[in-house]
Amino acid sequence: MSTTLTKPLQRFSARHAARLPLMVTATLLVAMFSVGSLQYEGFFSAQVLLNVLIDNGFLLVVAIGTTFVILTGGIDLSVGSMVALSTMLTAWLVEQNGLPLAAAVPVVLLVGAGGGALMGWVIHAFEIQPFIVTLAGMFLARGLCYMISTESISITDPTTTTIAQTRVLLPGGLFVSPAVVIALVVLALAFVVLHHTRFGRTVYALGGNESSARLMGLPVGRTKVMVYAVSGLCSALGGLLLTFYMLSGYALHAVGMELDAIAAAVIGGTLLTGGSGFVLGTALGVTVLGLIQTIISFQGTLSSWWTRIVIGGLLFVFILLQRLFGGSRTEH
Amino acid sequence: MTAPPTPRTPTPAGRPVLEARGVRKAFPGVLALDGVDLRLFPGEVHALMGENGAGKSTLIKVLTGVHPPDAGTVTVDGTPRRFAEPLEAQHAGISTVYQEVNLCPNLSVAENILVGREPRRFGLVHWSALHRRAAQLITELELDLDVRRPLSAHSLAVQQLVAIVRAVDVRAKVLVLDEPTSSLDRDEVAQLFALVRRLRDRGVAILFVTHFLDQVFDLCDRVTVLRNGRLEGEYRIDELTPVTLVHRMVGSELNTLDELAETSHTGTAATPESAETPFLSARGLARTGSIQPYDLDIHRGEVIGLAGLLGSGRTEAARLLFGADHADGGELRIHGERAALRSPRAAIAHKIAFCSENRKAEGLIGELTVRENIVLALQAARGWTRPLSRARQDEIAARWIETLDIRPAAPEAQVRNLSGGNQQKVLLARWLLTDPELLILDEPTRGIDIGAKTEIQRLVTRLAAEGTAVLFISAELEEVLRLSHRVGVLRDHRLVATLPNDTTLTPDRILGAIATGATS
């Protein structure tokens, strides 16, 4: 009896196990939006959703980079500090050195990608846990922020402020910020890279089984270095977007953002053990996190710390889900 | 392809596609290979035989670029090569399929075959071409698989075939199969052999490593025999019989076949007195999802065999008796008194020992030496506050290395540098040292050679004669029959029968019980 029932079920879950968490997250998102719309006046509008993206565009970019790393089975704790360093570096170059923004941007992106690549190289060449290497990177980047300045540097540069105030108008009186457009472009690029390039498929292979990937002749070392470089690049770009959002550089920006990024990836269905997940899921995860904030601000009486509590609860649920659906893979 | 199979070449003609000469490789404390030669010709299946520790695995690793040789040359198509990593060997046309499937379970079958060399269009992976190419390769090799499904949805045997398809697609001139059959059942082995023969007929040179003698005679054209890291000889298979081949492998020091015959007599000795209280008695012991309720009595000096297919619940049943898993039903009595084994620690306190099937993951610590591994359980039983003196440790290690003939006889060699069979012996030594009253052996002879196998079987018989109760789990029915007083048969996570091993019990009867689940 049990075999007739479980066999098709197992076959189903084997085929769709990877996509199931994505569907769960999408359902959750719809449910949250519906509940919000029923509860609060003015909630049911497309602009509310777009505002979520406006307020979290930088997080989306950072979380996409984190997703690359987690897909290989690694982790990158340095991204929050990297974001802060990028805001600091941008403000310092533009405000205190009078560099035009167009010249500062490539420098910041290079520093991010280079820092990431360096960590990836250390992880690969010395076979050190990514956790510890990126923890060192986290302290290092945060410390470098204070080297530049212990105070917040506000930005008055006209180009930067113009971009920050620009609104990209959409039909129906809706609008988004340029940061949202950039984040969505990054999302599309990440999707194409992960699913339609050899590099992307190697990322998945690496997360599936690293020693197999090596024996299959895949460029394991190069891929690892590149994945951390992508993560560094994304956090630098996220930092630039945050600079536009905040119009300042500050060493205490984005404290703990690495954890938000990891949470978004996990809620979006990426397995922490690697090899399974989608960047689109990460986008859903970021939206879920943003929507929680929105609901709590609409509610009005709850303290903003409730956001953290809800995220904590959600993470627990999703990690348990991962365990239940991912468990079948290790059974042999 | 409907062309008639090419007749086997009686003598190799032409130039070898792969040739190794005078290969030497040493690890700390172990000289693994000492001047070994090997020649592989296109279109032959060549067996590499030898006991555990003879150097088979090391030779393969040298040929495939995992370890560079200390001395000697490897020539591919007449050009001397020195591979720094597996990828270089692959580019030179040498592909390897290992005992453990080395693929990515999260990717589809098609991707596993082609990952790293996916067909591309405009720089992007051309998915439909990839699926077409994979399906075409699968069909060419006369297999039938849905290439879009994830690899993890397929059985281990199918995964092994996929690994071969991948290996062959790298335009392999040489395919190395390292014990590919050790976890496959009979039909799956037949499927694999059919594939190997098709590849041979296409001119691929295949190096086949196995412990199953009948498979060598079934499949191979020539054989190279290693002994103690040296080349014993290269033979055409029709020059040999199974008996002469075994003699070549073990040398003249041990007359293995006589030993085997001897143990088979003692195996059918009378069952010990069953009137006394059993050492261990399980009633309705069960764990949801892993083993249905079962009853089992094990007396002192009795060997109980557990037979059943892979995944039938043999290991799961044994793990309950060791406290490695929690029983959620039934009761367990030891010496007639109720005992709850909440952890392996509790089981060890009751003098129960468990040699796991998965010796690498669950038993031995590769970085420690033979001596340290042997004294581990004894030290744990004494408690860490009463350390064993170094002199005592040395004495213990020396004694067990001699008793079990662990090779090399070097107490300070790291365990990970030992061969599979010798690692198994180290694990056995560790548990025997604690003087167990019940010894649970889970597949102690899997993947080890015939000489070591005989020694382990002999040891089991001797221990039982000295009063130790033994629970012996093995996939080899002949072995179970030879050693056991009674045989428990498992099927679909249920103990379906416990059969006394009298003259009427044959492998066919056990197979019958496995197949039908009948109790008689």
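Residues numbered from 1 in each chain as written. Chains lettered and ligands numbered in written order. Predicted model: local features only at pLDDT ≥ 70, side-chain atom pairs only at ≥ 80, totals over all residues.

The name recorded for chain B in an unreviewed UniProt entry is Sugar ABC transporter ATP-binding protein, from Streptomyces filamentosus.

The name recorded for chain A in an unreviewed UniProt entry is Sugar ABC transporter permease, from Streptomyces filamentosus. What UniProt records for chain A under Subcellular location (unreviewed entry) is the sentence "Cell membrane". (UniProt positions renumbered as here; feature names shortened; annotations may be inferred.)

J.: Looking at this structure, how should I read the UniProt feature "transmembrane region" (unreviewed entry) in chain A?
T.: Residues and elements named next belong to chain A. Mapped onto this structure's residue numbering, the UniProt feature "transmembrane region" (unreviewed entry) falls at residues 20-40, 46-70, 100-123, 169-194, 225-245, 278-299 and 305-325. For residues 225-245, helix accounts for 100% and strand for 0%, while the C-alpha atoms at its two ends are 30 Å apart. Taken end to end, residues 278-299 has its terminal C-alpha atoms 32 Å apart, with 95% of it in helix and 0% in strand. (Helix = DSSP H or I, 4+ residues; strand = E, 2+ residues; numbered from the N terminus.)

J.: It is not clear to me how the interface of chain A and chain B should be interpreted in this structure. Could you clarify?
T.: Quite often, the size of an interface is put as the accessible area lost when its parts meet. With 22 residues of chain A in contact, the opposing surface of chain B contributes 20 residues. Within the residue set of the side of chain A that touches chain B, elements represented by two or more residues are helix H1 (2-16), helix H9 (198-208) and helix H10 (210-215) of chain A. Element by element, the count of residues in the side of chain A that touches chain B is highest for H9(A), at 6 residues. Across the side of chain A that touches chain B, the residue classes break down as 7 nonpolar, 10 polar and 5 charged. (Contact = placed C-beta atoms within 7 Å. Nonpolar A, V, L, I, M, F, W, Y, C, P; charged D, E, K, R; others polar.)

J.: Looking at this structure, how should I read the packing of helix H3 (residues 46-71) of chain A against helix H13 (residues 279-299) of chain A?
T.: Helix packing geometry: the angle between the two helix axes and the distance between the axes. All names here are of chain A. Contact pair H3 / H13: the axes reach a minimum separation of 8 Å and the direction vectors enclose 135°. As summarised for this structure, H3 and H13 are arranged oblique, according to the angle between their axes. In this structure, H3 meets H13 at a crossing whose hand is right-handed. Here H3 contributes Val-48, Val-52, Asp-55, Asn-56, Leu-59, Leu-60, Ala-63, Ile-64 and Thr-67 to the contact with H13, which in turn contributes Val-279, Thr-282, Ala-283, Gly-285, Val-286, Thr-287, Leu-289, Gly-290, Leu-291 and Thr-294. Class assignment of the residues belonging to the contact of H3 with H13 gives a composition of 11 nonpolar, 7 polar and 1 charged. (Axes fitted to C-alpha atoms, helices over the stretch in contact; angles between N-to-C directions. Parallel < 35°, antiparallel > 145°, perpendicular 65-115°, else oblique. Left-handed = near helix turned anticlockwise from the far one by under 90°.)

J.: When you look at unusual backbone geometry in this model, what are you seeing that I'm missing?
T.: Excluding glycine, a negative phi dihedral is what most residues carry, and trans is how most peptide bonds are arranged. Residues and elements named next belong to chain A. Residue Glu-127 is not a glycine yet carries a positive backbone phi of 50°. You can see Glu-127 is positioned in the loop between helix H5 (101-125) and helix H6 (130-148). By C-beta crowding, Glu-127 is classed as exposed, having 7 other C-beta atoms within 10 Å. Here Leu-247, not a glycine, exhibits a phi torsion of approximately 55°, which is positive. Relative to the assigned elements, Leu-247 resides in the loop between helix H11 (220-246) and strand S4 (248-249). (Buried ≥ 20, exposed ≤ 12 C-beta atoms within 10 Å, placed from the backbone.)

J.: What exactly am I supposed to notice about the sheet that holds strand S2 (residues 30-40) of chain B here?
T.: Two orientations exist for strands paired in a sheet by backbone hydrogen bonds: parallel and antiparallel. All names here are of chain B. Spatial strand order, S2-S1-S4-S5: 4 strands in an open sheet with antiparallel pairing. The open sheet has two edge strands, S2 and strand S5 (79-81), and neither has a second partner. Strand-to-strand twist of the sheet, defined as the mean angle between neighbouring strand axes without regard to direction, takes the value 30°. With 8 bridges joining them, strand S1 (residues 18-27) and S2 adopt antiparallel strand pairing. Looking at S2, one finds that Arg-24 is bridged to Asp-34. Contacts from helix H1 (residues 56-63) reach S1, S2 and strand S4 (71-76), with the element oriented near 115° to S1. (Pairing = 2+ DSSP bridges.)

J.: How do you make sense of the sheet that holds strand S20 (residues 469-473) of chain B when you look at a structure like this?
T.: Residue and element names in this part refer to chain B. Reading across the sheet, the 6 strands line up as S18-S19-S20-S15-S21-S22 and stay open at both edges, with mixed pairing between neighbours. If you trace the sheet from one side to the other, it starts and ends with strand S18 (352-355) and strand S22 (494-500), each paired once. Looking at each pair of strands side by side, their axes are set apart by 15° on average, direction ignored. As judged from the 5 bridges shared by strand S19 (residues 438-442) and S20, these two strands associate in the parallel manner. Its bridge partner lying in S20, Leu-438 is registered against Ala-469.

J.: What's the story with helix H12 (residues 257-267) of chain A in this structure? I'm lost.
T.: For the α-helix, the turn length of 3.6 residues means that residues three or four positions removed from each other point alike. All names here are of chain A. The buried count for H12 comes to 10 of 11 residues, which makes it a mostly enclosed element. If you check which residues of H12 are buried, you get Met-257, Glu-258, Asp-260, Ala-261, Ile-262, Ala-263, Ala-264, Ala-265, Val-266 and Ile-267. Just downstream of H12 lies Gly-269, where phi reads positive at about 100°.

J.: Sorry, what's going on with the domain arrangement of chain B here?
T.: All names here are of chain B. When the domains of chain B are assigned, the result is domain 1 (277-351 + 436-520) and domain 2 (365-435). Each of domain 1 and domain 2 has a C-alpha centre, and these two points are 25 Å apart. Taken residue by residue, the interface counts 9 residues in domain 1 and 10 residues in domain 2. Counted by class, the side of domain 1 that touches domain 2 contains 6 nonpolar, 1 polar and 2 charged residues. (Domains from an automatic or database assignment.)

J.: Just checking my understanding: could you explain the confidence of the model for chain A for this structure?
T.: Detailed reading of predicted coordinates is not advised where the pLDDT is low. Mean pLDDT over chain A works out to 89, with 92% of the residues at or above the 70 mark. Overall, residues 1-7 of chain A carries pLDDT values under 50, and its contacts beyond four positions in sequence, including any with other chains, amount to 0 contacts. (pLDDT = per-residue confidence, 0-100.)

J.: What is the right way to look at the packing of helix H2 (residues 20-39) of chain A against H13(A) in this model?
T.: Residue and element names in this part refer to chain A. Packing of H2 against H13 leaves a shortest axis separation of 10 Å and a crossing angle of 20°. Between H2 and H13, the angle is such that the two are roughly parallel. Like other packed secondary-structure pairs, H2 and H13 cross with a definite hand, here left-handed. Residues Pro-21, Leu-22, Thr-25, Ala-26, Leu-28, Leu-29, Met-32, Phe-33 and Gly-36 of H2 pack against Gly-281, Leu-284, Gly-285, Thr-287, Val-288, Leu-291, Ile-295 and Phe-298 of H13. Taken together, the residues of the contact of H2 with H13 break down into 12 nonpolar, 5 polar and no charged.

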